[in-house]
Amino acid sequence: MAAVELIDLKKSFGAVDVIKGVDLDIQQGEFIVFVGPSGCGKSTLLRLIAGLEEITSGTLKIADNVVNDVPPSKRGIAMVFQSYALYPHMSVFNNMAFGMKLARASSDEIQKRVSAAAEMLQLTPLLTRLPRQLSGGQRQRVAIGRAIVRDPQVFLFDEPLSNLDAALRVATRIEISKLNERMVDTTMIYVTHDQVEAMTLADRIVVLNAGLVEQVGTPMELYLHPDNLFVAQFIGSPA
Ligand code: ADP
Ligand code: MG
């Protein structure tokens with residue numbers, strides 16, 4: 001059983017076809033990276049999985065259930081975006097607890113889950129701070145923590161490192177990698193246009209080009225046996 005299954009998935013905005021028929025099986029616990037040039041449809045594909053965009057045609061299954069018409073909050077997913085929209089007037093703790101409070105979780109349960117997520121991301125000493133008292137990297141870790149607290153089956157990341165400077169990008173990438181090792185059953189789908197991120201994080205890479213899948217494979221498979229020039233240029237040694 002696939003954790004996430006895309007069957008001939010298509011998305012158009014008006015007359016413009018952006019996702020042109022994507023088939024993909026993602027296994028539970030896999031770390032899948034979508035790569036491809038700017039505008040090829042990576043974010044749109046992720047937003048379709050998240051339920052933030054309506055599917056034009058095709059089928060999307062999560063845990064074997066068709067979720068085409070299931071709202072985002074009922075899909076068992078959590079998403080981390082490029083810009084971490086934290087609530088500026090709330091502490092780190094309250095930012096992370098907010099979703100659980102809305103869901104009327106008990107304060108014991110909230111305490112337990114926020115503490116565990118904070119521990120995982122080395123945020124424990126920062127729980128009482130406000131977002132403006134944090135560095136960019138720490139803020140992005142809070143955004144990731146907020147998603148972990150929701151205990152998703154599927155974790156979606158849309159270029160989570162692209163607003164960070166080079167050193168923080170590496171450090172945060174390592175955090176995400178550790179997180180993946182600890183959340184063994186959680187399926188991760190990660191969008192980037194950065195080859196290094198794709199090569200270092202992915203179990204399998206999905207190379208997208210103009211709304212279609214060019215090739216799917218492990219980093220090594222794509223690196224050693226690219227199906228075509230596009231994949232070779234995208235995954236091959238840096239120019
Ligand atoms: P990527 O994330 O790979 O850079 P996107 O998925 O953001 O690409 O966009 C793919 C294409 O779809 C682009 O041409 C973009 O302009 C178009 N697009 C994305 N969202 C919308 C929208 N809401 N309305 C119209 N066009 C859109
Ligand atoms: Mg994008």
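Predicted model, so just to flag it, every value in this text is computed and none were measured.

Enquirer: Whenever I open this one, helix H3 (residues 107-120) confuses me. Can you help?
Expert: With 14 residues, H3 extends 20 Å from end C-alpha to end C-alpha; this agrees with the ideal 20 Å at 1.5 Å per step. The complete set of buried residues in H3 reads Ile110, Val114, Ala117 and Ala118. Across the axial projection of H3, the buried residues extend over an arc of 100°, all falling on one side. Turned more than 90 degrees away from the buried face of H3, the exposed residues are Asp108, Glu109 and Glu119.

Enquirer: Teacher, can you tell me more about the sheet that holds strand S7 (residues 154-158) here?
Expert: Strands in a sheet are paired, the pairing made by backbone hydrogen bonds, and the direction either parallel or antiparallel. The six strands lie next to each other as S6-S7-S8-S3-S9-S10, forming an open sheet whose pairing is mixed. Every interior strand has two partners, whereas the edge strands, strand S6 (77-80) and strand S10 (212-217), have only one. Ignoring which end each strand starts from, the neighbouring axes of this sheet average 20° apart. Pairing of strand S3 (residues 31-35) with strand S9 (residues 204-209) involves four bridges; the strand directions are parallel. In the sheet register, Val35 faces S9, and the bridge partner there is Val207.

Enquirer: Is there a simple way to explain the nonpolar core in this structure?
Expert: Considering soluble globular proteins, one finds that nonpolar side chains tend to be buried as a cluster. Residues Ile32, Val33, Ile49, Leu156, Ile189, Tyr190 and Val207 are the most contacted members of the largest nonpolar core, which totals 64 residues. In terms of residue count, the dominant contributor to this core is helix H4 (residues 136-149) (six residues). If sequence neighbours within four positions are ignored, Leu156 has contacts with Leu46, Ile49, Ala50, Ile77, Met79 and Ile189.

Enquirer: Help me understand the site of ligand 1, please; the structure alone is not making it clear to me.
Expert: Around ligand 1 sit Phe13, Val18, Gly36, Ser38, Gly39, Cys40, Gly41, Lys42, Ser43 and Thr44, and those are all the residues in its vicinity. Sorting elements by how many residues they give to the shell around ligand 1 places helix H1 (residues 42-50) first, with three residues.

Enquirer: Could you clarify how one ought to interpret the environment of Met188 in this entry?
Expert: If you trace the backbone, Met188 turns up in strand S8 (residues 187-191). Setting aside its immediate chain neighbours within four residues, Met188 contacts Phe31, Ile32, Phe155 and Asn180.

Enquirer: When you look at the packing of H4 against helix H5 (residues 166-182) in this model, what are you seeing that I'm missing?
Expert: Geometry of a packed helix pair, given as the angle between the helix axes and the separation of the axes. It is at 10 Å that the axes of H4 and H5 come closest, and there the two elements cross at 25°. Taken as axis vectors, H4 and H5 run roughly parallel relative to one another. The chirality of how H4 crosses H5 is right-handed. Here H4 contributes Gly136, Gly137, Gln140 and Arg141 to the contact with H5, which in turn contributes Leu168, Ala171, Thr172 and Glu175.

Enquirer: Sorry if this is basic, but what is going on with the pairing of S7 here?
Expert: Successive residues of a regular strand alternate their side chains across the two faces of the sheet. Most of S7 sits out of view: five of its five residues are buried. Of the two faces of S7, the one holding Val154, Leu156 and Asp158 and the one holding Phe155 and Phe157 are both buried throughout. In terms of strand pairing, S6 meets S7 through four bridges, oriented parallel. By the bridge assignment for S7, Met79 is matched with Leu156. For the crossover that starts at S7, traverses H5 and ends in the parallel S8, the hand is right-handed.

Enquirer: Just to check I follow, could you spell out the sheet that holds strand S1 (residues 4-13) for this structure?
Expert: Here we have four strands laid out as an open sheet, ordered S2-S1-S4-S5, and antiparallel in their pairing. One side of each edge strand has no neighbouring strand; the edge strands of this open sheet are strand S2 (16-26) and strand S5 (65-66). Across two bridges, the pairing between strand S4 (residues 57-62) and S5 is antiparallel. Bridging from a neighbouring strand, Ile62 pairs with Asn65 of S5. Docked against the sheet, H1 engages S1, S2 and S4, running at close to 65° with respect to S2.

Cut-offs used in this document
Residues numbered from 1 in each chain as written. Chains lettered and ligands numbered in written order. Predicted model: local features only at pLDDT ≥ 70, side-chain atom pairs only at ≥ 80, totals over all residues. Helix = DSSP H or I, 4+ residues; strand = E, 2+ residues; numbered from the N terminus. Expected span 1.5 Å × (residues − 1). Buried ≥ 20, exposed ≤ 12 C-beta atoms within 10 Å, placed from the backbone. Arc of directions from axis to C-beta. Pairing = 2+ DSSP bridges. Axes fitted to C-alpha atoms, helices over the stretch in contact; angles between N-to-C directions. Core = buried A, V, L, I, M, F, W, Y, C linked by C-beta atoms within 7 Å. Contact = placed C-beta atoms within 7 Å. Near = placed C-beta within 6 Å. Parallel < 35°, antiparallel > 145°, perpendicular 65-115°, else oblique. Left-handed = near helix turned anticlockwise from the far one by under 90°. Right-handed = clockwise from strand over helix to strand, strands pointing away.

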